[in-house]
Amino acid sequence: MTTAAPTRAPKDATPAGGREVVFVDGVRTPFGKGTKTGQYAETRADDMVVRVIRELLARHPELPPERVEEVAIAATTQIGDQGLTIGRTAALLAGLPKSTPGFAIDRMCAGAMTAVTTTASGIAFGAYDVAIAGGVEHMGRHPMGEQADPNPRFIADKLIDESAIVMGATAENIHDRFPQLTKERADKFAKASQDKYDAALKAGKIGPELVPVATRSSEEGWGLATTDEPPRPGTTLEDLAALKTPFRTHGRVTAGNAAGINDGATGAIIAAKETAEELGLPIGMKLVNFAFVGVEPEVMGIGPVPATEKALAKAGLDIEDIGLFELNEAFAVQVLAFLDHFGIADDDERVNPWGGAIAIGHPLASSGVRLMTQLSREFDEHPEVRYGLTSMCIGLGMGGTVIWENPNWNGGK
């Protein structure tokens, strides 16, 4: 694998206004396949969130439950067991004080990312000191778009093309717009994601952040989910080349070079830096700045490009200052579009070093905190890296990027 050599020491970032905000710690459930036989097929979405919240509190007894002043939980399909203001209901079910408020949030795939940036904004403003932010998606029980009723004027008034409603079709559109982003490149990137995840799992890098979840099956009884279901170790380019292209005849997007239909939940503790220091909470990384940007819905996968450009500008940084990238792999082609735009090699070691969503899975609204948790743990191994970013494309034509600073940075020594 190749790594772009840094041309200079990273700049000092321009701090955002208000108090410094830190990512303390993050956890997630193992991700499951969103099918009738997946490990969470008969497990409630809110119970997955409850398990995550309880684990965060158990791992950090130095955080009194009454000091958690907000709970923000995202879900894309806010019905059934992931509806009813799930941030509040999950907080109550998890045993947080009844005085702890909570809310639900939806920005499709970037739900958990937005839960973090929204609560971080409240902390920076001084409205509260500590929050729990995360997301959940039970795609096996609630498919994306279930009970949604898009206004017919979107199509009738030609505000968007019909392909904008189907995420796989938008990925095919990116292949059209950038012919150099071939299916062969997408398949090669997808295989690398599987290989990197497998290597990270065997090395013990994947696992410490996982929360075992009790599961129930009417056929098999009680069980325990301890590992991710989606990965396909040993995937070959020949395997990928043989897959069908469901979004277009003779297309380029397949089940192998895209994330799957998955179930899972994530959560993180977000705090004011001064409060974390007061309570003795660890500081996993420091928030520098963030940005969300809208793009053409028909090519929603390019969203991370302008979002990253805006976040970098706000922070006073350049792409060369970023030493680690956690990019959500909704589709291989959208990551490749990002890499091409910024002149980064497909196999750059700074990008998703432990594998990404093509291997791990992408339970929509939960994935943003998965990216952050992974980046925080990677920072521990790379004190020579000062800045990293988490970025993702978002349905209906958006992108989101959050820039983070490594508290372990050694000044490049």
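Residues numbered from 1 in each chain as written. Predicted model: local features only at pLDDT ≥ 70, side-chain atom pairs only at ≥ 80, totals over all residues. Heavy atoms only, no water.

**Notes on the overall build of the chain**
Here is step 1 of the chain: For the chain, the helix and strand inventory stands at twelve helices and twelve strands.
Here is step 2 of the chain: Relative to its length of 413 residues, the chain is compact, with a C-alpha radius of gyration of 20 Å against a globular reference of 22 Å.
Here is step 3 of the chain: In terms of its C-alpha atoms, the chain occupies a principal-axis envelope of roughly 60 × 55 × 50 Å.
Here is step 4 of the chain: The buried share of the chain, reckoned over its 413 residues, is 56%.
Here is step 5 of the chain: The average position of the 39 basic charges and that of the 55 acidic charges among the side chains of the chain differ by 1 Å. (Helix = DSSP H or I, 4+ residues; strand = E, 2+ residues; numbered from the N terminus. Rg over C-alpha atoms; globule rule 2.2 N^0.38 Å. Buried < 20%, exposed > 50% of the residue type's maximum accessible area, 1.4 Å probe, protein only. Lys, Arg positive; Asp, Glu negative; His and termini not counted. Charge placed at Lys NZ, Arg CZ, Asp CG, Glu CD.)

**As for the packing of helix H9 (residues 304-315) against helix H10 (residues 332-341)**
Here is step 1 of the chain: One way to put it is that H9 packs onto H10 with a least axis distance of 9 Å and a crossing angle of 45°. Judged by the inter-axis angle, H9 sits oblique to H10. On H10, the residues that touch Pro 304, Val 305, Thr 308 and Glu 309 of H9 are Gln 334, Ala 337, Phe 338 and His 341. (Axes fitted to C-alpha atoms, helices over the stretch in contact; angles between N-to-C directions. Parallel < 35°, antiparallel > 145°, perpendicular 65-115°, else oblique. Contact = heavy atoms within 4.5 Å.)

**Considerations on the packing of helix H5 (residues 167-177) against H10**
How two helices sit against one another is set out by the angle between their axes and by the gap between those axes.
Here is step 1 of the chain: Following both chains from N to C, one finds H5 and H10 inclined at 40°, their axes separated by 9 Å at the closest point. Viewed along their axes, H5 and H10 adopt a mutual orientation that is oblique. Considering only the axes of H5 and H10, their crossing is left-handed. Residues Ala 171, Ile 174 and His 175 of H5 form the contact with H10, whose own contacting residues are Val 333, Gln 334 and Ala 337.
Here is step 2 of the chain: The residue makeup of the contact of H5 with H10, split by class, is four nonpolar, two polar and no charged. (Left-handed = near helix turned anticlockwise from the far one by under 90°. Nonpolar A, V, L, I, M, F, W, Y, C, P; charged D, E, K, R; others polar.)

**Overview of the nonpolar core**
Here is step 1 of the chain: One finds Phe 325, Leu 327, Phe 331, Phe 338, Leu 339, Ile 344 and Ile 403 to be the most contacted residues of the largest nonpolar core, which totals 42 residues.
Here is step 2 of the chain: Of all the secondary-structure elements, those providing two or more residues to this core are H5, helix H6 (183-202), strand S9 (285-294), H9, strand S10 (322-327), H10 and strand S11 (387-394).
Here is step 3 of the chain: The element best represented in this core is H10, accounting for seven residues.
Here is step 4 of the chain: Not counting residues up to four positions away in its chain, the partners in contact with Phe 325 are Ile 319, Phe 338, Ile 344, Arg 350, Val 351, Asn 352, Pro 353 and Leu 389.
Here is step 5 of the chain: In terms of nonpolar packing, the next biggest core, distinct from the first, is built from 37 residues, Phe 23, Ala 74, Ala 110 and Ala 120 among them. (Core = buried A, V, L, I, M, F, W, Y, C linked by side-chain atoms within 4.5 Å.)

**Section: H6**
Here is step 1 of the chain: Over its 20 residues, H6 extends 29 Å from the first C-alpha to the last, a length consistent with the 28 Å expected when each residue adds 1.5 Å.
Here is step 2 of the chain: Regarding H6, the residues found buried are Lys 183, Ala 186, Asp 187, Phe 189, Ala 190, Ser 193, Gln 194, Lys 196, Tyr 197, Asp 198 and Ala 200.
Here is step 3 of the chain: Considering only its buried residues, H6 is in contact with H5, helix H7 (237-241), H10 and helix H11 (357-360).
Here is step 4 of the chain: Phi turns positive one or two residues past the end of H6, at Gly 204, with a value near 80°. (Expected span 1.5 Å × (residues − 1).)

**Observations concerning the UniProt feature "active site" (unreviewed entry) in the chain**
Here is step 1 of the chain: Residues annotated in UniProt with the feature "active site" (unreviewed entry) correspond here to Cys 109, His 362 and Cys 393. In three dimensions, the annotated residues from a span of 285 residues occupy one location, with a maximal C-alpha spread of 12.0 Å.
Here is step 2 of the chain: Within the secondary structure, His 362 sits in the loop between H11 and helix H12 (367-381).
Here is step 3 of the chain: Since its relative accessible area comes to 5%, His 362 is described here as buried.
Here is step 4 of the chain: Residue contacts for His 362: discarding those within four places in its chain leaves Cys 109, Met 139, Ala 259, Gly 260, Asn 262, Asn 328, Ala 330, Ala 357, Ser 367 and Met 392.
Here is step 5 of the chain: Here the side chain of His 362 touches Asn 328 through a polar contact of 3.4 Å, side chain to side chain.
Here is step 6 of the chain: In this fold, Cys 393 is placed in strand S11.
Here is step 7 of the chain: Classification of Cys 393 by relative accessible area gives buried; the value is 1%. (UniProt positions renumbered as here; feature names shortened; annotations may be inferred. Polar contact = N/O pair within 3.5 Å; in protein donor to acceptor, adjacent residues only side chain to side chain.)

**Considering the UniProt feature "domain: Thiolase C-terminal" (unreviewed entry) in the chain**
Here is step 1 of the chain: Within the UniProt annotation, "domain: Thiolase C-terminal" (unreviewed entry) is assigned to residues 286-405.
Here is step 2 of the chain: Across residues 286-405, helical content stands at 34% and strand content at 26%; the span's end C-alpha atoms are separated by 5 Å.

**Concerning the packing of aromatic side chains**
Here is step 1 of the chain: In this structure the tally under the stated criterion is four aromatic pairs.
Here is step 2 of the chain: Residues Phe 290 and Phe 292 carry aromatic rings whose centres are separated by 6.1 Å and whose planes lie at 65° to one another, so their mutual orientation is edge-to-face.
Here is step 3 of the chain: Classification of Phe 290 by relative accessible area gives partly exposed; the value is 24%.
Here is step 4 of the chain: A ring pair is formed by Phe 338 and Phe 342, whose centres lie 4.8 Å apart and whose planes are at 50°; its orientation type is tilted.
Here is step 5 of the chain: Residue class for Phe 342 comes out buried when judged on its relative accessible area of 16%.
Here is step 6 of the chain: Taken together, the ring pairs in this structure connect Phe 325, Phe 338 and Phe 342 into an aromatic cluster.
Here is step 7 of the chain: Over the ring of Phe 31 we find Arg 28; its NZ or CZ atom is 4.6 Å from the centre of that ring.
Here is step 8 of the chain: Lying over the aromatic face of Phe 292, Arg 107 brings its terminal NZ or CZ to 3.8 Å of the ring centre. (Phe/Tyr/Trp six-rings, centres within 6.5 Å; stacked < 30°, edge-to-face > 60°. Lys NZ or Arg CZ within 6 Å of the ring centre and 35° of its normal.)

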